[in-house]
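An overview of the molecular structure
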Amino acid sequence: MALEQAQVAANKKLALKLVWIIAGALLFAFALVPLYDVICSVTGLNGKTNSTAESASKAVVDLKREVTVQFVSSVMPGLGWNFYPKQSSVVVHPGQVTTVMFEAKNITSEEVAGQAIPSVTPGKASAHLKKIECFCFVRQTLKPGEVKALPLRFFVSADLPKDVQEMTLSYSFFPASQ
């Protein structure tokens, strides 16, 4: 009888430990996404750019230097959109505010929402691409057959490393819940 009670007590203790481990794992999993985003935004790791609008008024334009910014786009399966940049690249002076246009078209027969995720290569250039206005800041919703012009206003900071003469800004549109 004492042996059975000891076994029941040990099983309860083990079950409680397992519940705490599962709860801790779930909390860690939920904390990972925002933590990852913060680390990537601060360090430029994984080509993520800072998603807050930067003030261009402090930017000094470096007319002695030119940087080519290329644009690439993709749409993830399940979104049902065509999405592309209106121009494949621009040549800018660091500090110069530039506006480029992208276009999205819903090719389905229902309203669809999407969210654009940016990425910059090379990775060391990502912290120097400053977006002032971007369609990636908010979820985009298109009605059936709707075509929408999506502006991007940005500048490349003057402290971009001198060996970076080209960078690629890639946007991937993912389905988003409405």
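Just above, that's the structure.
Since this is a predicted model, take the numbers as computed values, not measurements.

Let us now look at the sheet that holds strand S4 (residues 98–106). Spatially, the four strands line up as an open sheet ordered S2-S4-S8-S6, and their pairing is antiparallel. Two strands close off the open sheet at either side, each with one partner strand: strand S2 (81–85) and strand S6 (129–134). Averaged over all neighbouring strand pairs, the angle between strand axes comes to 25 degrees, with direction disregarded. Judged from the five bridges that link them, S2 and S4 form a sheet pairing that is antiparallel. The residue of S4 that forms the bridge with Trp81 is Asn106.

For the rest of this paragraph, the subject is the nonpolar core. Core analysis: the biggest nonpolar cluster contains 30 residues, and Phe71, Phe102, Phe135, Leu152, Phe154, Met167 and Tyr171 have the highest contact counts within it. Of all the secondary structure elements, the ones that give two or more residues to this core are strand S1 (67–75), S2, strand S3 (89–92), S4, strand S5 (112–121), S6, strand S8 (147–156) and strand S9 (166–176). Discounting chain neighbours no more than four positions away, the residues touching Phe71 are Pro85, Gln87, Ser88, Ser89, Val90, Val100, Phe102, Leu152, Phe154 and Leu169.

Counted according to the given criterion, the structure contains 10 aromatic pairs. Ring geometry for Phe102 versus Tyr171: centroids 5.4 Å apart, planes at 85 degrees, classification edge-to-face. With Phe102 in strand S4 and Tyr171 in strand S9, the pair connects residues that are 69 residues apart, well separated along the chain. Judged by its relative accessible area of 0%, Phe102 falls in the buried class. Taking the relative accessible area as the measure of exposure, Tyr171 reaches 0% and is therefore buried. With 6.1 Å between their ring centres and 15 degrees between their planes, Phe135 and Phe173 make a pair best called stacked. You can see Phe135 sitting in the loop between S6 and strand S7 (140–142) and its partner Phe173 sitting in strand S9, a full 38 residues away along the chain. For Phe135, a relative accessible area of 4% translates into the label buried. Within the aromatic cluster, the residues linked to one another by ring pairs are Phe71, Trp81, Phe83, Phe102, Phe135, Phe154, Tyr171 and Phe173.

The next point concerns the pattern of salt bridges. Scanning all chains against the criterion turns up two salt bridges. Two residues, Glu103 and Lys86, come together in a salt bridge whose shortest N-O distance is 3.2 Å. With Glu103 in strand S4 and Lys86 in the loop between S2 and S3, this pair connects stretches of sequence that are 17 residues apart. According to the relative accessible area criterion, Glu103 is buried, its value standing at 18%. The exposure class assigned to Lys86 is exposed, which follows from its relative accessible area of 52%. With its nearest N and O atoms 2.5 Å apart, the salt bridge here joins Lys124 to Asp163. Remark: Asp163 occurs in the loop between S8 and S9 and Lys124 occurs in the loop between S5 and S6; sequence separation between them is 39 residues.

Thresholds, definitions, all that
Residues numbered from 1 in each chain as written. Predicted model: local features only at pLDDT ≥ 70, side-chain atom pairs only at ≥ 80, totals over all residues. Heavy atoms only, no water. Pairing = 2+ DSSP bridges. Helix = DSSP H or I, 4+ residues; strand = E, 2+ residues; numbered from the N terminus. Axes fitted to C-alpha atoms, helices over the stretch in contact; angles between N-to-C directions. Core = buried A, V, L, I, M, F, W, Y, C linked by side-chain atoms within 4.5 Å. Buried < 20%, exposed > 50% of the residue type's maximum accessible area, 1.4 Å probe, protein only. Contact = heavy atoms within 4.5 Å. Phe/Tyr/Trp six-rings, centres within 6.5 Å; stacked < 30°, edge-to-face > 60°. Salt bridge = Lys/Arg side-chain N within 4 Å of Asp/Glu carboxyl O.

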